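Listed here are the chains, written in short residue letters.
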Amino acid sequence: METRKEQKERRRQEILYTALELFVSKGYAATKITDIAKQADMSRGLMFHYFESKEKLYEELIRMGLEGTMYPGEQKCEHAIDFFTNFTKELFAYMIEQPMVAKFFVLMAEAQRSEATPEHIREIAMRVNVIEQFVSIVEWGQQEGTIKDGEPLVISNAFWCSIQGIAERYATNQDIPLPEADWVVDIIRKR
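What you see is a predicted model, and the numbers here were worked out from it, not measured in a lab.

Quick look at the packing of helix α1 (residues 4-26) against helix α4 (residues 54-68)
And then number 1: The N-to-C vectors of α1 and α4 enclose an angle of 90°; their axes lie 10 Å apart at closest approach. Relative to α4, α1 is oriented roughly perpendicular. When α1 is examined against α4, the residues Arg12, Ile15, Leu16, Tyr17, Ala19, Leu20 and Phe23 are found in contact with a partner set consisting of Lys54, Leu57, Tyr58, Glu60, Leu61 and Met64.
And then number 2: When the residues that make up the contact of α1 with α4 are grouped by side-chain class, the tally is ten nonpolar, no polar and three charged.

The following block contains the structure:
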């Protein structure tokens, strides 16, 4: 039997994921707290018991998205290209298992670029620095000859733009399967 605390946490998670769906499909500005409450099958008043405002709910989702960008930098790989391959395989497997992961890609991108995003929340979203985090791995791969030559930041950006685009498409249409990880990694692989 579920305790009251467990019920409350489960309900809180339901609200978060309902809000995530709505923010992704409608955007922050167009999503109303009443939309979230209705979709979560609760009253607006009860919604405020869990989150004091739409802004606080959105901020929590953005913080979750930021936390999700912390990659396991301590993967033990013989070659840098293996890091990218393993990372991409794990990310895609996780997206299949938990499709909401792809929705966070959409949410974070919108939070970074939308004028409707409250400034303090945009600042949180802008802390995502995966492109910069992967530069040292690109440099390692270039030194060992597994990653193509070129500006490491640009190569990391190309990789991440591919991941972002695939994730955003998957978030809105899971009928199109995710590509093989190697197809994406081939963008940066030295031939």
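Description of the packing of aromatic side chains
And then number 1: In this structure the tally under the stated criterion is 13 aromatic pairs.
And then number 2: Look at Phe159 and Trp160: their rings are 5.7 Å apart centre to centre, the planes differ by 85°, and that puts the pair in the edge-to-face class.
And then number 3: The exposure class assigned to Phe159 is buried, which follows from its relative accessible area of 0%.
And then number 4: Through a chain of ring-to-ring contacts, the aromatic side chains of Phe83, Phe84, Phe87, Phe134, Phe159 and Trp160 assemble into a single cluster.
And then number 5: One cation-aromatic arrangement involves Lys54 over Tyr28; the distance from NZ or CZ to the ring centre is 4.2 Å.

Details of α4
And then number 1: For α4, built from 15 residues, the straight-helix expectation of 21 Å at 1.5 Å per residue is met to within 8% by its first-to-last C-alpha distance of 21 Å.
And then number 2: Within the span of α4, buried status applies to Lys54, Leu57, Tyr58, Glu59, Leu61, Ile62, Gly65 and Leu66.
And then number 3: Next to the buried residues of α4 lie α1, α2 (33-39), α6 (100-113) and α7 (119-125).

Details of the nonpolar core
And then number 1: Formed by 58 residues in total, the largest nonpolar core has its most connected members in Ile36, Ile62, Phe84, Met95, Leu107 and Phe159.
And then number 2: In contact with Ile62, other than residues within four places in its own chain, are Leu107, Met108, Ala111, Ile121, Ile124 and Ala125.

Quick look at helix α9 (residues 135-144)
And then number 1: The complete set of buried residues in α9 reads Val135, Ile137, Val138, Gly141 and Gln142. All buried residues of α9 fall inside an arc of 160° around its axis, so they share one side.
And then number 2: Turning to α9, the residues buried within the fold contact α5 (80-97), α8 (130-133) and α10 (152-172).
And then number 3: One or two residues past the end of α9 sits Gly145, with phi positive at roughly 85°.

Regarding the environment of Leu61
And then number 1: Here Leu61 lies in helix α4.
And then number 2: Judged by its relative accessible area of 0%, Leu61 falls in the buried class.
And then number 3: For the pair Leu61 and Leu107, spaced 46 residues apart in the sequence, the C-alpha separation amounts to 8.4 Å.
And then number 4: The contact partners of Leu61, leaving out residues within four places of it in the chain, are Leu16, Ala19, Leu20, Phe23, Phe104 and Leu107.

Describing the pattern of salt bridges
And then number 1: Tallied over the full model, the rule gives twelve salt bridges.
And then number 2: Of the charged contacts, one joins Arg10 and Glu2 as a salt bridge, the two residues approaching to 3.1 Å between their closest N and O atoms.
And then number 3: Taking relative accessible area as the criterion, Arg10 reaches 39% and is therefore assigned partly exposed.
And then number 4: Taking relative accessible area as the criterion, Glu2 reaches 33% and is therefore assigned partly exposed.
And then number 5: For Glu60, the salt bridge goes to Arg12, with nearest N and O atoms at 2.6 Å. Taken together, the residues Glu60 in helix α4 and Arg12 in helix α1 connect sequence positions 48 residues apart.
And then number 6: According to the relative accessible area criterion, Glu60 is partly exposed, its value standing at 24%.
And then number 7: Each of Glu2, Arg10, Arg11 and Glu14 takes part in one network of salt bridges that share partners.

Calculation notes
- Residues numbered from 1 in each chain as written.
- Predicted model: local features only at pLDDT ≥ 70, side-chain atom pairs only at ≥ 80, totals over all residues.
- Heavy atoms only, no water.
- Axes fitted to C-alpha atoms, helices over the stretch in contact; angles between N-to-C directions.
- Helix = DSSP H or I, 4+ residues; strand = E, 2+ residues; numbered from the N terminus.
- Parallel < 35°, antiparallel > 145°, perpendicular 65-115°, else oblique.
- Contact = heavy atoms within 4.5 Å.
- Nonpolar A, V, L, I, M, F, W, Y, C, P; charged D, E, K, R; others polar.
- Phe/Tyr/Trp six-rings, centres within 6.5 Å; stacked < 30°, edge-to-face > 60°.
- Buried < 20%, exposed > 50% of the residue type's maximum accessible area, 1.4 Å probe, protein only.
- Lys NZ or Arg CZ within 6 Å of the ring centre and 35° of its normal.
- Expected span 1.5 Å × (residues − 1).
- Core = buried A, V, L, I, M, F, W, Y, C linked by side-chain atoms within 4.5 Å.
- Arc of directions from axis to C-beta.
- Salt bridge = Lys/Arg side-chain N within 4 Å of Asp/Glu carboxyl O.

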